[in-house]
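Per-entry structural report
Chain by chain, the residues:
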Amino acid sequence: MNTIIYMVRHAESPYNEGTERTRGLTAKGKGDVEKITEILKEEGIDVIISSPYNRAILSIEGLAQHLELDIETFEDLRERDFSSEIIENLMSVISDKFYDFDYSLPGGESNSECQNRSIAVIKNILKEHAGKKIALGTHGLVMTLMMNYFDSSYGLDFLNQLKKPDIYKLRFENLELKEGIRLWNGDV
Ligand SMILES: O=C(O)[C@@H](CO)OP(=O)(O)O
């Protein structure tokens, strides 16, 4: 049985230290939310799920309103907890250590911990909504780690080429990922 998950990496968000959970979208990001809705509104989506972080929810809110669906959030779909401290060059550290899945920064979690907790949610979604089409509001790194669990070719290069926003349509047969197609047209 085919189950489809549309991974929607959030639109552009103003980066402010310490506001991981609450920061919203830039003007450009808000404009791109309309494009996300346009791309997904005719796909026949049944269920909308999201990371609990505002920028992810806001990126699929237009779609939820259009389809008159609620957005269900799961704490364990949040972006990787990077560190409790301010880390200089955070993104280059994350890149350098990407394949060291047990590496964590002070007060943060490793790729492995982030992958395990997010995949537990994805497996439940695939079982509970088997045969359905699910849109999922997400973030660059946790999205890459979720996809990497099913297909290890989704790694650092994949993460680095992701846009804000971006959309990938993933086709699962039961718990196996069979196909991943990019739907965002990349005009950003
Ligand atoms: O916060 C953001 O805008 C970034 C970090 O560069 O993305 P994500 O939430 O996908 O980690």
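Residues numbered from 1 in each chain as written. Predicted model: local features only at pLDDT ≥ 70, side-chain atom pairs only at ≥ 80, totals over all residues. Heavy atoms only, no water.

1. Notes on the overall build of the protein
As a reminder, the rule being used: Secondary structure elements are defined from DSSP: runs of H or I of at least 4 residues count as helices, runs of E of at least 2 residues count as strands, and each element is numbered from the N terminus. All radius of gyration figures rest on C-alpha atoms, and the globule criterion is 2.2 Å times the number of residues raised to 0.38. Whether a residue is buried, partly exposed or exposed follows from its accessible area with a 1.4 Å probe, protein chains only, as a fraction of its type maximum: under 20%, in between, or over 50%, in that order. Whether two residues are in contact is decided by their heavy atoms: any pair within 4.5 Å suffices. For the purpose of charge, His is not counted, nor are the chain termini; Lys and Arg are scored as positive and Asp and Glu as negative. Every charge is mapped to an atom, namely NZ of Lys, CZ of Arg, CG of Asp or CD of Glu.
Each helix and strand in the protein was counted, giving 6 helices and 6 strands. Mapped from its N terminus to its C terminus, the protein presents α and β elements in the order β-α-β-α-β-α-α-β-α-α-β-β. The globule rule puts the C-alpha radius of gyration for 188 residues at 16 Å, and the 16 Å found for the protein is close to it. With the C-alpha coordinates of the protein rotated into their principal frame, the extents come out at 40 × 35 × 30 Å. The buried share among the 188 residues of the protein stands at 48%. When contacts within the protein are restricted to residue pairs at least 6 apart in sequence, long-range pairs at least 24 apart make up 66% of them. If the 22 positive side-chain charges of the protein are averaged to one point and the 32 negative ones to another, these points end up 2 Å apart.

2. As for helix H2 (residues 54-67)
Going by this rule: One fewer than the residue count of a helix, multiplied by 1.5 Å, yields its expected span. Bend at a given residue is defined as the angle between two axes, one fitted to the seven residues that end at that position and one fitted to the seven that begin there.
Taking 1.5 Å of rise per residue, 14 residues should cover 20 Å, and H2 covers 20 Å from first to last C-alpha, within 8% of that figure. Of all the bends in H2, the greatest measures close to 40° and is centred on Ile60. On the buried face of H2, the contacting elements are strand E1 (2-9), helix H1 (27-40), strand E2 (47-50), strand E3 (71-73) and strand E4 (133-138). Once H2 ends, the next one or two residues include Glu68, with phi positive near 55°.

3. Topic: the pattern of salt bridges
Just so we agree on the cut-off: Salt-bridge detection follows one rule: a side-chain nitrogen of Lys or Arg within 4 Å of a carboxyl oxygen of Asp or Glu.
Going through the model one piece at a time under the given rule, you end up with 15 salt bridges. Linking Arg55 and Glu20 is a salt bridge whose minimum nitrogen-to-oxygen distance equals 3.0 Å. Of the two residues, Arg55 sits in helix H2 while Glu20 sits in the loop between E1 and H1, which places them 35 residues apart along the sequence. The buried category is assigned to Arg55, whose relative accessible area is 4%. Since its relative accessible area comes to 25%, Glu20 is described here as partly exposed.

4. Details of the site of the ligand
Where we set the bar: For each residue, the test is whether any non-hydrogen atom lies within 4 Å of the molecule or strand; if one does, the residue is near. In protein, a polar contact means a hydrogen-donor-capable atom and an acceptor-capable atom, both N or O and within 3.5 Å, with residues adjacent in sequence counting only if both atoms are side-chain atoms; elsewhere, any N or O pair within 3.5 Å suffices. Note on residue classes: Ala, Val, Leu, Ile, Met, Phe, Trp, Tyr, Cys and Pro are nonpolar, Asp, Glu, Lys and Arg are charged, and everything else, Gly too, is polar.
Looking at the ligand, the residues that line it are Arg9, His10, Arg23, Arg55, Glu79, His139, Gly140 and Lys164. Side-chain polar atom of Lys164 to an oxygen atom of the ligand: 3.2 Å apart, as the coordinates give it. Here the shell around the ligand is composed, by residue class, of no nonpolar, 3 polar and 5 charged.

5. Thoughts on the confidence of the model for the protein
Cut-off, in case you're wondering: The predictor reports its confidence for every residue as pLDDT, a score running from 0 up to 100.
Mean pLDDT over the protein works out to 96, with 98% of the residues at or above the 70 mark. Between the elements of the protein, mean pLDDT differs from a low of 95, seen in helix H3 (residues 90-96), to a high of 99, seen in E4.

6. So, the nonpolar core
The condition that has to hold: Take the buried Ala, Val, Leu, Ile, Met, Phe, Trp, Tyr and Cys residues and link them wherever side-chain atoms come within 4.5 Å; each set so joined is a nonpolar core.
Core analysis: the biggest nonpolar cluster contains 36 residues, and Ile5, Met7, Ile122, Leu136, Met146 and Met147 have the highest contact counts within it. At the level of elements, E1, E2, H3, helix H4 (111-128), E4, helix H5 (140-150), helix H6 (156-161) and strand E5 (166-173) are the ones that each hand at least two residues to this core. Ranked by residue count, the leading element in this core is H5, at 7 residues. Excluding residues that lie within four positions of it along the chain, Ile122 makes contacts with Ile5, Met7, Leu77, Leu136, Met146 and Phe150. One finds Ile4, Ile36, Ala135 and Trp184 within the second-largest nonpolar core, a separate group that totals 13 residues.

7. Focus: the sheet that holds E3
Threshold: A pair of strands is treated as paired once DSSP finds two or more bridges between them. Here the axes come from fitting lines to C-alpha atoms, over the contacting stretch only for helices, and the angles between their N-to-C directions go from 0 to 180 degrees.
Read across the sheet, 6 strands follow the order E3-E2-E4-E1-E5-E6 without closing on themselves; strand pairing throughout is mixed. In this open sheet, the two strands that pair with only one neighbour each are E3 and strand E6 (176-182). In this sheet, neighbouring strand axes are inclined to one another by 25° on average, regardless of whether the strands run parallel or antiparallel. In terms of strand pairing, E1 meets E4 through 6 bridges, oriented parallel. Its bridge partner being in E4, Val8 is matched across the sheet by Gly137.

8. Digging into the pairing of E6
Here 6 bridges tie E5 to E6, and the two strands are oriented antiparallel to one another. Across the sheet, the residue bridging to Glu173 is Glu176, located in E6.

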